[in-house]
Amino acid sequence: MNMPDDAGLKQDFERLRQADQRGVPDFRSTIAAGQSVAARRRESRRRAVVAAGLLFAAAAGLLVSRSHRAADAPLPQSSSLVNWSSPTASLLRTPGWQFSNEIPPLGGHQIYGLPGQGRE
């Protein structure tokens, strides 16, 4: 049975570890870079929110000013709209519709010509 050389194996792993350490950035610089990126993103979001708010306020002001102008201007009246009548209005006039104003309402003081119950 062949036993590996422990000292040589340790040296090989040490060389690999040192090679890896050369390519790895410092931990503190990595954290600082991440924090600066996060700060820039927060600042850009803040600017975007402020810009959106200003844009919304400008659009709302424009709509309000236009609605006031539209309310002040008289509306042109079309003769066809003024003289319009429903095409089904004649269907509401049933036989005897002219007597509808002569019928006393139910719950009135006099029903069918009878005197009221003394509540007058």
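Residues numbered from 1 in each chain as written. Predicted model: local features only at pLDDT ≥ 70, side-chain atom pairs only at ≥ 80, totals over all residues. Heavy atoms only, no water.

With respect to the overall build of the protein chain
Worth spelling out the cut-off: A run of H or I in DSSP becomes a helix once it reaches four residues, and a run of E becomes a strand once it reaches two; helices and strands are each numbered from the N terminus. We call a residue buried when its accessible area falls under 20% of the maximum for its residue type, exposed when it is over 50%, and partly exposed in between, using a 1.4 Å probe and counting protein chains only. Areas reported as accessible are Shrake-Rupley estimates using a 1.4 Å probe. Residue values count occlusion only from the protein chains shown.
A tally of regular secondary structure across the protein chain gives three helices and zero strands. Element order for the protein chain, N to C, with α for helix and β for strand: α-α-α. When burial is assessed residue by residue, the protein chain has 1% of its 120 residues classed as buried. Put simply, the protein chain shows about 11,900 Å² of open surface, and 61% of that area lies on carbon and sulfur atoms.

A closer look at a positive patch on the surface
Note the following rule: Think of a patch as exposed residues, more than 30% relative accessible area, with no salt bridge, where like charges cluster within 9 Å and nonpolar side chains (Val, Leu, Ile, Met, Phe, Trp, Tyr) cluster within 5 Å. Salt bridges, as used here, are contacts in which a Lys or Arg side-chain nitrogen is within 4 Å of a carboxyl oxygen on Asp or Glu. Positive charge is attributed to Lys and Arg, negative charge to Asp and Glu, and no charge count is given to His or to the chain ends. To locate a charge, take atom NZ for lysine, CZ for arginine, CG for aspartate or CD for glutamate.
Taken together, the side chains of Arg40, Arg41, Arg42 and Arg45 make up a positively charged region of the molecular surface. In this structure, arginine 45 sits in helix 2 (residues 27-72). We classify arginine 45 as exposed; its relative accessible area is 57%.

What to know about a nonpolar patch on the surface
Together, Leu9, Phe13 and Leu16 give the surface a local cluster of nonpolar side chains, amounting to about 310 Å² of exposed area. Here leucine 16 is to be found in helix 1 (residues 6-23). Taking relative accessible area as the criterion, leucine 16 reaches 52% and is therefore assigned exposed.

Digging into the pattern of salt bridges
Within this structure, the stated rule accounts for four salt bridges. The residue glutamate 14 makes a salt bridge to arginine 17 at a minimum N-O spacing of 2.7 Å. Of this pair, glutamate 14 and arginine 17 both sit in helix 1, three residues apart, which is roughly one turn of the helix. What makes glutamate 14 partly exposed here is its relative accessible area of 35%. Arginine 17 gets classed as partly exposed once you look at its relative accessible area, which sits at 45%. Put simply, arginine 46 and glutamate 43 hold a salt bridge, and the shortest N to O gap is 3.0 Å. A residue pair is termed a helical-turn pair when its members lie 3 or 4 positions apart in one helix, as arginine 46 and glutamate 43 do in helix 2 at three residues. With a relative accessible area of 31%, glutamate 43 lands in the partly exposed category. Members of the salt-bridge network, linked through shared partners, are Glu43, Arg46 and Arg47.

A closer look at the confidence of the model for the protein chain
The condition that has to hold: Per residue, pLDDT captures the predictor's confidence, and it can take any value from 0 to 100.
For the protein chain, mean pLDDT is 79; residues scoring 70 or higher make up 73% of the total. Helix 2 holds the highest mean pLDDT among the elements of the protein chain, 89, whereas helix 3 (residues 79-82) holds the lowest, 72.

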